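Structural characterization, general
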Amino acid sequence: MNEWMQTLKSGIQRVPLLTNGQAMLGLTFAFIGVVVGWAGILQLVVLWRELSAYLPFSVPKDASQRIILSFPLIFNLFISTISSTCAVLVGALWLITGLADAFQSRKADSDTPVFKHPELVAESLRTGIPKQWISVPRLARLIGYFWPATGLMSPVSHEIVKDLLSYLWKIPLWAVLIALCTYALQLIPELLKSLIQHRVLLVVPSAAPLYYLLGLVLVVDVLVGVSIIPFKKRAFNRVCRVVTVRGRGDRDLLFALIEQGCRLLTPRGFAERSPIRVQEETTPRIKGTLIENFPVQTRALSSPAAYVCLALMIVFLSVGFLRLIHFHRPVTAMAYTEFFSSHLLLYALDVAFYLGLILCGLHFARWARRLFSIRRFVSSLVFCYTASVQRPESSEQGESGPWQKSGRSQGMVWKITQGADDEFAAWARQPQAVTRFEMEACWGEALSEAAGANASRHLTQVQRSQTLEYSMGRILELPFKVDFRVEKAPDADEG
């Protein structure tokens, strides 16, 4: 069963359209634009044919009496005409913008965003524990207190959940507003009776359809939030190797050799990423370098909630516009007093419900766009760091002390550094001095994601790769094979 599911998933991922959310959303808007636009054109043609039979218009003697008895027909024609005109305009706009978005999505985006906090990426790779924030947001701490699984969210998912919560509290507010309006309409007859001393009948329909619509939006928003919250800890399964280094040379030179060796991980034709040098904030003698190679955007299926929102968007937008275009309530001749007292609010409720369908469809389209905009990347990630340099005359206890204190098992706070430091300058003045230090290298295949084309990336997962393990085993040996010597050049006179 699992093999069959994996085969099906692999087959689906080979379909370019299903893995290109921007193209799917653009084509969906174009399709809806064609449907509602064409329906609007057909309805306008029908209305024109019906009215053209009465051209040129002439005002009969009993025109006022006919108008008084024809309010149901007038309202039906008015709503249908306005809706059809809007459908043609909006449909044309959706068709053009949808096709433009679908065409734009075909262009390959070679600009890979940088990591939001590379120092956190280095510490995550070093410890194998996800670290996403320098300071955990208050909302994440609050939600994590009641629902621990939310503590495993990436910052991208956290922003989506944050926006979802901002919408969720508005839904009860809308329900209260609808209830207040319904209650206020029920008070109108008594208010008019007290003011004009005349009893007025006003039938106030139930607003249950609007409540059901709000309830559906609430359920879908909750399911979208649940779908992006991980329920189990994501594995940061990396490989680490500790080596003891002794010789004549500075750690910055060793880092430079490793960085150059890691360039072999980037295939030809792909842009290289500049390494990032860091040092421990409280212990500057602990230094490191973060190297990323070959970041490639992956084409994979998006969150299931994105496809659900896409389907709901099609249904809600199409049904909402089509029902307004073909708006029809029972048309019978009746006095205007009977229409305004018994049917006007029914017309208003129907229009409000169909407009609510359209607004909900646009709401689902917004979430589909948000979820489809998430970009995921795969890259090779390497982090090398060293403890303090120890001179030969240093005692063994002093040599191991800083490493044990700052230790591989304890948390470290890194900061980005640039340029040469005093330690490198001191080595340059005395390059013959022998140094000894321990270096730990950690590497893995990194998965990262960004909220959009212009957003920074966040590390989400690290997994082992046999190819990368083999390559890093060779790369870590390269610096220790280097042996440069100065040979005496032949004198100019000897030739």
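Residues numbered from 1 in each chain as written. Predicted model: local features only at pLDDT ≥ 70, side-chain atom pairs only at ≥ 80, totals over all residues. Heavy atoms only, no water.

Some points on a nonpolar patch on the surface
- Together, Leu27, Val34, Leu95, Ile96 and Leu99 make up a nonpolar patch on the protein surface, roughly 420 Å² of accessible area in all.
- Only helix H2 (21–52) and helix H4 (71–104) provide two or more residues apiece to the nonpolar patch.
- Sorting elements by how many residues they give to the nonpolar patch places H4 first, with 3 residues.
- Mapped onto the elements, Val34 comes out in helix H2.
- Val34 sits in the partly exposed class, given a relative accessible area of 43%. (Patch = residues over 30% accessible without salt bridge, like charges linked within 9 Å, V, L, I, M, F, W, Y side chains within 5 Å. Areas by Shrake-Rupley, 256 points an atom, 1.4 Å probe, with all protein chains shown as cover. Salt bridge = Lys/Arg side-chain N within 4 Å of Asp/Glu carboxyl O. Helix = DSSP H or I, 4+ residues; strand = E, 2+ residues; numbered from the N terminus. Buried < 20%, exposed > 50% of the residue type's maximum accessible area, 1.4 Å probe, protein only.)

Overview of the side chain of Lys287
- Within the secondary structure, Lys287 is located in strand E3 (residues 287–297).
- Residue classification places Lys287 among the buried positions, given a relative accessible area of 5%.
- A polar contact is formed between the side chain of Lys287 and the side chain of Asp252, at a distance of 3.2 Å.
- Apart from the residues lying within four places of it in its own chain, the contact partners of Lys287 are Arg251, Asp252, Phe255, Val278, Gln279, Cys384, Tyr385, Thr386, Trp414, Asp421 and Glu423. (Polar contact = N/O pair within 3.5 Å; in protein donor to acceptor, adjacent residues only side chain to side chain. Contact = heavy atoms within 4.5 Å.)

Points about the nonpolar core
- If you look at the biggest cluster of nonpolar residues, it comprises 54 residues, and the most contacted ones within it are Met313 and Phe364.
- Per-element tally for this core: the top contributor is helix H13 (residues 344–372), with 12 residues.
- In this view, Met313 contacts Leu25, Thr28, Phe29, Ile32, Gly361, Phe364 and Ala365; residues no more than four positions away in its chain are not counted.
- Grouped together as the second largest cluster of nonpolar side chains are 19 residues, Val382, Ala441, Trp443 and Ile475 included. (Core = buried A, V, L, I, M, F, W, Y, C linked by side-chain atoms within 4.5 Å.)

Looking at the packing of aromatic side chains
- Taken as a whole and judged by the stated rule, the model has 11 aromatic pairs.
- Between the aromatic rings of Phe75 and Tyr347, the centroid separation amounts to 6.1 Å while the plane-to-plane angle is 75°, which identifies the pairing as edge-to-face. On the criterion of sequence distance, the pair formed by Phe75 in helix H4 and Tyr347 in helix H13 is long-range, its members being 272 residues apart.
- By relative accessible area, which is 23% here, Phe75 ends up partly exposed.
- Classification of Tyr347 by relative accessible area gives buried; the value is 3%. (Phe/Tyr/Trp six-rings, centres within 6.5 Å; stacked < 30°, edge-to-face > 60°.)

A few points about the packing of helix H6 (residues 138–146) against helix H7 (residues 155–168)
- The interhelical angle for the contact between H6 and H7, taken along N-to-C directions, is 80°, at an axis separation of 11 Å. By the criterion of interaxial angle, the relationship of H6 to H7 is roughly perpendicular. Taking contact as the criterion, the partners of Leu139, Ala140 and Ile143 in H6 are, on H7, His158, Val161, Lys162 and Leu165.
- Here the residues of the contact of H6 with H7 sort into 5 nonpolar, 1 polar and 1 charged. (Axes fitted to C-alpha atoms, helices over the stretch in contact; angles between N-to-C directions. Parallel < 35°, antiparallel > 145°, perpendicular 65-115°, else oblique. Nonpolar A, V, L, I, M, F, W, Y, C, P; charged D, E, K, R; others polar.)

Some thoughts on the confidence of the model for the protein chain
- Residue-level pLDDT values for the protein chain average 81, and 82% of them are 70 or greater.
- The element-level mean pLDDT for the protein chain is lowest in helix H14 (residues 396–406), coming to 40, with helix H11 (residues 304–325) highest at 93.
- Here residues 392–407 scores under 50 on pLDDT; set against residues more than four positions off or in separate chains, the count is 22 contacts. (pLDDT = per-residue confidence, 0-100.)

A short note on the environment of Gly356
- Within the secondary structure layout, Gly356 lies in helix H13.
- Here the alpha-carbon distance between Gly356 and Leu214, two residues 142 residues apart in the chain, equals 9.0 Å.

Some remarks on the environment of Leu310
- Mapped onto the fold, Leu310 is located in helix H11.
- Given the relative accessible area of 6%, Leu310 is considered buried.
- Not counting residues within four places of it along the chain, the set of residues in contact with Leu310 comprises Met24, Leu25, Thr28, Ala368 and Phe372.

Observations regarding the pairing of strand E4 (residues 375–386)
- Of all 12 residues making up E4, 10 are buried, and the element is well covered by its neighbours.
- Here 12 bridges tie E4 to strand E6 (residues 435–450), and the two strands are oriented antiparallel to one another. Bridging across to E6, Cys384 finds its partner in Ala441. (Pairing = 2+ DSSP bridges.)

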